[in-house]
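Understanding the architecture of this molecule
Each chain, written out:
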Amino acid sequence: GQQVMQIPQYQHVQEGEDFTTYCNSSTTLSNIQWYKQRPGGHPVFLIQLVKSGEVKKQKRLTFQFGEAKKNSSLHITATQTTDVGTYFCAGNNAGNMLTFGGGTRLMVKP
Amino acid sequence: GAVVSQHPSRVICKSGTSVKIECRSLDFQATTMFWYRQFPKKSLMLMATSNEGSKATYEQGVEKDKFLINHASLTLSTLTVTSAHPEDSSFYICSATRTSGRYEQYFGPGTRLTVT
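To keep things clear, this report deals only with the structure shown in the data block. As the structure is a computational prediction, the values presented were derived from the model and not from experiment.

Rules used in this analysis
All residue numbers refer to position in the chain's written sequence, counted from 1. For this description, chains carry letters from A and ligands carry numbers from 1, given in the order in which they are written. Reporting of local features is limited, given that this is a predicted model, to residues whose pLDDT is at least 70; pairs of side-chain atoms are given and counted only at 80 or more, and all residues count toward the totals for whole chains, interfaces and linings. Each side-chain value is worked out from all heavy atoms of the structure, with water and hydrogens disregarded. Should any heavy atoms of two residues lie within 4.5 Å, those residues are considered in contact. Buried area: the sum, over both parts, of the accessible surface (1.4 Å probe) that disappears when the two are put together. One speaks of a salt bridge when a side-chain nitrogen belonging to Lys or Arg is within 4 Å of a carboxyl oxygen belonging to Asp or Glu. Strands here mean DSSP runs of E at least two residues long; helices mean DSSP runs of H or I at least four residues long; both are numbered from the N terminus. As used in this record, nonpolar core signifies buried Ala, Val, Leu, Ile, Met, Phe, Trp, Tyr and Cys residues forming a set joined through side-chain atoms within 4.5 Å. Burial classes: relative accessible area under 20% of the type maximum marks a residue as buried, over 50% as exposed, and values in between as partly exposed (1.4 Å probe, protein chains only).

1. Let's talk about the interface of chain B and chain A
- Contacts between chain B and chain A engage 19 residues on the former and 15 residues on the latter.
- Carbon and sulfur atoms make up 57% of the surface buried where chain B meets chain A, a total of about 1500 Å² over both sides.
- Summed over the three residues of chain B that lose the most area to chain A, namely Ser43(B), Tyr103(B) and Phe107(B), the buried surface amounts to 33% of that side.
- At the junction of chain B and chain A, the tally comes to zero salt bridges.
- Counting only elements with at least two residues in the side of chain B that touches chain A, the list comes to β4 (30-38), β5 (44-51) and β9 (90-98) of chain B.
- The element that contributes the greatest number of residues to the side of chain B that touches chain A is β4(B), accounting for four residues.

Shown next as structure tokens:
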């Protein structure tokens, strides 16, 4: 079956440093979604990428979908303490069923 | 809009009893609802997909008779953990997608189940 892997599992950064999490799928995806889960909270949708090579930005967050539609990345510029949480990618290869990656837990030191 | 609620938020039950968890879309109609299980500091594991008015589709390894799912209306799905055991203790989260064709999943706040 489809597998979605994310690295790193954990990342500690100093406030103001940049952060990147990478997502790789074992199969070609129709689209990829990113979610953020704050400690003690539930996942919240951030964005969906559909096109090969697509890049989308949300303020300090930059999302990228690979040319082969098998990998994606989320980059945060100048992290803030409010960025703390676990970032999940979720691959969709048919219908609306998602396969979630393992998540990257971001910790930001003030 | 797009709020999903879950009830209860926490439940403690004894081994052998059954527990029902409700998932409601409060301000939209949900064609499809999903049930996930999440272990501490781990990812979300999809248990089953439920469509209103039809039988749920379970993922491999998930026991249908143990995790009963009912999706009676476009705003309500229930998960019943039958004959619960301590290993069923976990965080159960539901999510829903709109009927309007939008793609993102809206997650409920989750239910923490502890089986003693």
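2. Considering the nonpolar core
- Counting 27 residues, the largest nonpolar core has Phe67(B) and Leu113(B) as the members making the most contacts within it.
- For this core, the secondary-structure elements that each account for two or more residues are β2 (10-13), β3 (19-25), β4, β5, β7 (67-73), β8 (76-81), β9 and β11 (111-115) of chain B.
- The residues touching Leu113(B), leaving out its near neighbours within four places in the chain, are Val11(B), Cys13(B), Val19(B), Val81(B), Asp88(B), Ser89(B), Ser90(B) and Tyr92(B).
- Ranked by size, the runner-up nonpolar core spans 19 residues in total, among them Cys23(A), Leu61(A), Ile76(A) and Val108(A).

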